[in-house]
Amino acid sequence: MYNTKIAGAGKFIPEKVVTNQDLEKLMETSDQWIRERTGIEERHWLRRGEETSSTMAAKASKDAIKMAGIEAEDIDFIIFATLSPDFFFPGNGVMLQRHLGITKTEIPALDIRNQCSGFVYGLEVADQFIKTGKYKNILLVGAEYHSGGIDISTRGRGISVLFGDGAGAVVLQPTDKDKGILTTHIHSDGSQAEILSAKNPGMHGGYYDEDHKEGGYDVSTDHPFVLVTDKMMEDSLIYPFMEGQTVFKTAVRKFPEVIKKALDTAGYTTNDVNLVIPHQANLRISQFVQKLLHLRDDQMFNNIQKYGNTTAASIPIAITEALEQGRVKEGDLVVLAAFGSGFTWGSALVRW
Ligand SMILES: CC(C)(COP(=O)(O)OP(=O)(O)OC[C@H]1O[C@@H](n2cnc3c(N)ncnc32)[C@H](O)[C@@H]1OP(=O)(O)O)[C@@H](O)C(=O)NCCC(=O)NCCS
């Protein structure tokens, strides 16, 4: 049995910077409100038609592949995490394979949802295949094109100010047993699935809607096409929904829990940790987690100030930046942790 190491990492961030002041021109909000509640100062948003989540992923992947010292054709498995894929189907995995020109090897491409936890979920999946020796060069990416799917009017301000576009990728390879990924833990609780959700377009056909439960849902008018209905468009039901405070309260409980689980399993304490790279959900959430775990500032990685929340892309983007800034070195003990829609959450403990 092998362990799994992160052999290469790369990121792609769109060029266009959207500051909080830019948002003040689009909706009733303020730089002060956004900074105080989220820590975000700016984010990057794609121009229409400029890129997609799969093309951004290809750019991030090329850097990760180069750092790992391999060629694209050496990749033997693609795992792609996103909530903003190019198409309803097929998934982004095959699109990435195409953009990278991996044509001869007919490798498998797996698509992962799991929103903000998508990267950590993907890491656990990849780890199983590397450990058993089935694959030797797995490309794991997280990429999001949020700006094309959010409500940028005042009505959507509780969500739209938080999210940014971008992509991050890693190449995973086998390594010695005492190095690389030491343990992973992934979890979910679907009882609160709608609390952070984008239900439409979707194939639920009104099943979860209140008016359906009360018998008011008229199947004859909405049948057979349910994916995008006139009602969804008229009532602006196509945008993401979030009960922010419930998300906040659950996140600050689950992040420390799953980080401690990783450390306990491997026999370490927070004192042993060189760096925690959390999913960049909200700077206030990360600061809360830091306080609860008694971590020093130099043990936490934050870059949400520049990018906003990039969901599945946030951890691989942060890994790439932490490496660029010399904040992760060989031998360091690093914790990756995520929490998000589903709810889903998870952690990975890595000896670099
Ligand atoms: C989203 C979040 C910042 C909102 O902060 P909050 O303190 O909970 O704010 P509330 O939603 O209670 O709203 C407070 C007020 O601010 C207003 N508001 C919401 N968004 C605003 C914005 N962008 N600008 C200005 N005002 C805003 C609300 O309308 C509300 O006004 P009211 O009191 O007149 O009704 C916070 O709940 C949060 O960070 N939650 C977690 C979100 C997250 O991390 N999601 C991703 C998980 S992976």
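Residues numbered from 1 in each chain as written. Predicted model: local features only at pLDDT ≥ 70, side-chain atom pairs only at ≥ 80, totals over all residues.

Colleague: Can you walk me through the overall build of the protein in this structure?
Modeller: Across its full length, the protein carries 13 helices and 13 strands. Computed over the C-alpha atoms, the radius of gyration of the protein is 20 Å, within 12% of the 20 Å expected from 2.2 N^0.38 for a compact globule of 352 residues. Principal axes of the C-alpha set define a box for the protein whose edges measure 60 × 50 × 40 Å. Going through the 352 residues of the protein one by one, you find that 45% of them count as buried. Long-range pairs, those at least 24 residues apart, make up 81% of the contacts in the protein with a sequence separation of at least 6. (Helix = DSSP H or I, 4+ residues; strand = E, 2+ residues; numbered from the N terminus. Rg over C-alpha atoms; globule rule 2.2 N^0.38 Å. Buried ≥ 20, exposed ≤ 12 C-beta atoms within 10 Å, placed from the backbone. Contact = placed C-beta atoms within 7 Å.)

Colleague: I would appreciate a short explanation of the sheet that holds strand E13 (residues 344–351) in the present structure.
Modeller: Working definition: the strands of a sheet are paired by backbone hydrogen bonds and lie parallel or antiparallel to each other. The mixed open sheet is built from four strands, whose spatial order is E8-E13-E12-E11. Both outer strands of the open sheet, strand E8 (180–188) and strand E11 (275–278), are each paired with one neighbouring strand and no more. For this sheet, the mean inter-axis angle between neighbouring strands, taken without regard to orientation, is 15°. Contacting E8, E11, strand E12 (333–340) and E13, helix H10 (residues 244–266) runs over the sheet at an angle of about 35° to E13. Contacts from helix H13 (residues 314–324) reach E11 and E12, with the element oriented near 145° to E11. (Pairing = 2+ DSSP bridges. Axes fitted to C-alpha atoms, helices over the stretch in contact; angles between N-to-C directions.)

Colleague: Looking at this structure, I do not really get the site of the ligand. What am I missing?
Modeller: Around the ligand sit 18 residues in total, of which Thr29, Arg157, Gly244, Ala281 and Gly340 are the nearest. Counting only elements with at least two residues in the shell around the ligand, the list comes to helix H2 (31–38), helix H6 (157–160) and H10. No fewer than three residues from each of domain 1 (3–178) and domain 2 (181–193 + 242–351) sit in the shell around the ligand. (Near = placed C-beta within 6 Å. Domains from an automatic or database assignment.)

Colleague: Got a minute to help me understand unusual backbone geometry in this structure?
Modeller: Of all residues except glycine, most have a negative phi; of all peptide bonds, most are trans. With an omega dihedral of 0°, the bond running from Phe89 to Pro90 counts as a cis peptide bond. Inspection of the secondary structure puts Pro90 in the loop between strand E4 (77–81) and helix H4 (92–99). That bond from Asn200 to Pro201 is cis: its omega, -5°, falls within 30 degrees of zero. One non-glycine residue, Ser236, lies in the positive phi region at around 50°. Accessibility expressed as a C-beta count within 10 Å gives 12 for Ser236, which makes it exposed.

Colleague: What exactly am I supposed to notice about the domain arrangement of the protein here?
Modeller: Interface size is commonly expressed as the accessible surface area that is lost when the partners come together. Taken domain by domain, the protein comprises domain 1 (3–178), domain 2 (181–193 + 242–351) and domain 3 (199–238). Here the C-alpha centre of domain 2 lies 17 Å away from the C-alpha centre of domain 1. Counting residues at the interface gives 45 residues for domain 1 and 39 residues for domain 2. Elements with a minimum of two residues in the side of domain 1 that touches domain 2: strand E1 (3–12), H2, strand E3 (42–44), helix H5 (118–131), strand E6 (138–144), H6 and strand E7 (166–175). If one sorts the elements of the side of domain 1 that touches domain 2 by residue count, H5 sits on top with seven residues. Tallied by class, the residues present in the side of domain 1 that touches domain 2 amount to 19 nonpolar, 16 polar and 10 charged. (Nonpolar A, V, L, I, M, F, W, Y, C, P; charged D, E, K, R; others polar.)

Colleague: What should I look at first to understand the pairing of E6 in this one?
Modeller: Residues in a regular strand project their side chains so that they alternate between the two faces of the sheet. Burial of E6 is extensive: seven of the seven residues sit out of reach of the surface. Taking every second residue as pointing to the same face, both faces of E6 are buried, with Ile138, Leu140, Gly142 and Glu144 on one and Leu139, Val141 and Ala143 on the other. The sheet contact formed by E4 and E6 spans five bridges and is parallel. Bridged to Ile78 within E6 is Leu139.

Colleague: I'm lost on the nonpolar core in this one. Help?
Modeller: Counting residues in each nonpolar core, the largest one holds 91 residues, and the members touching the most others are Ala57, Leu140, Val141, Ala169 and Ile277. If you tally residues by element for this core, the top one is H10, at eight residues. Here this core spans two domains, since at least three of its residues come from each of domain 1 (3–178) and domain 2 (181–193 + 242–351). (Core = buried A, V, L, I, M, F, W, Y, C linked by C-beta atoms within 7 Å.)

Colleague: Just to check I follow, could you spell out the sheet that holds E4 for this structure?
Modeller: Strand order in the open sheet formed by five strands is E1-E7-E6-E4-E5, with mixed pairing between adjacent strands. Whereas interior strands pair on both sides, the edge strands pair on one side only; in this sheet they are E1 and strand E5 (109–112). Put simply, the sheet's adjacent strands are angled 20° from each other on average, direction ignored. Alignment of E4 against E5, held across four bridges, turns out to be parallel. Paired with Ala81 across the bridge in E5 is Ile112. Taken strand by strand, H4 contacts E4, E5 and E6, and its axis lies near 135° from that of E5.

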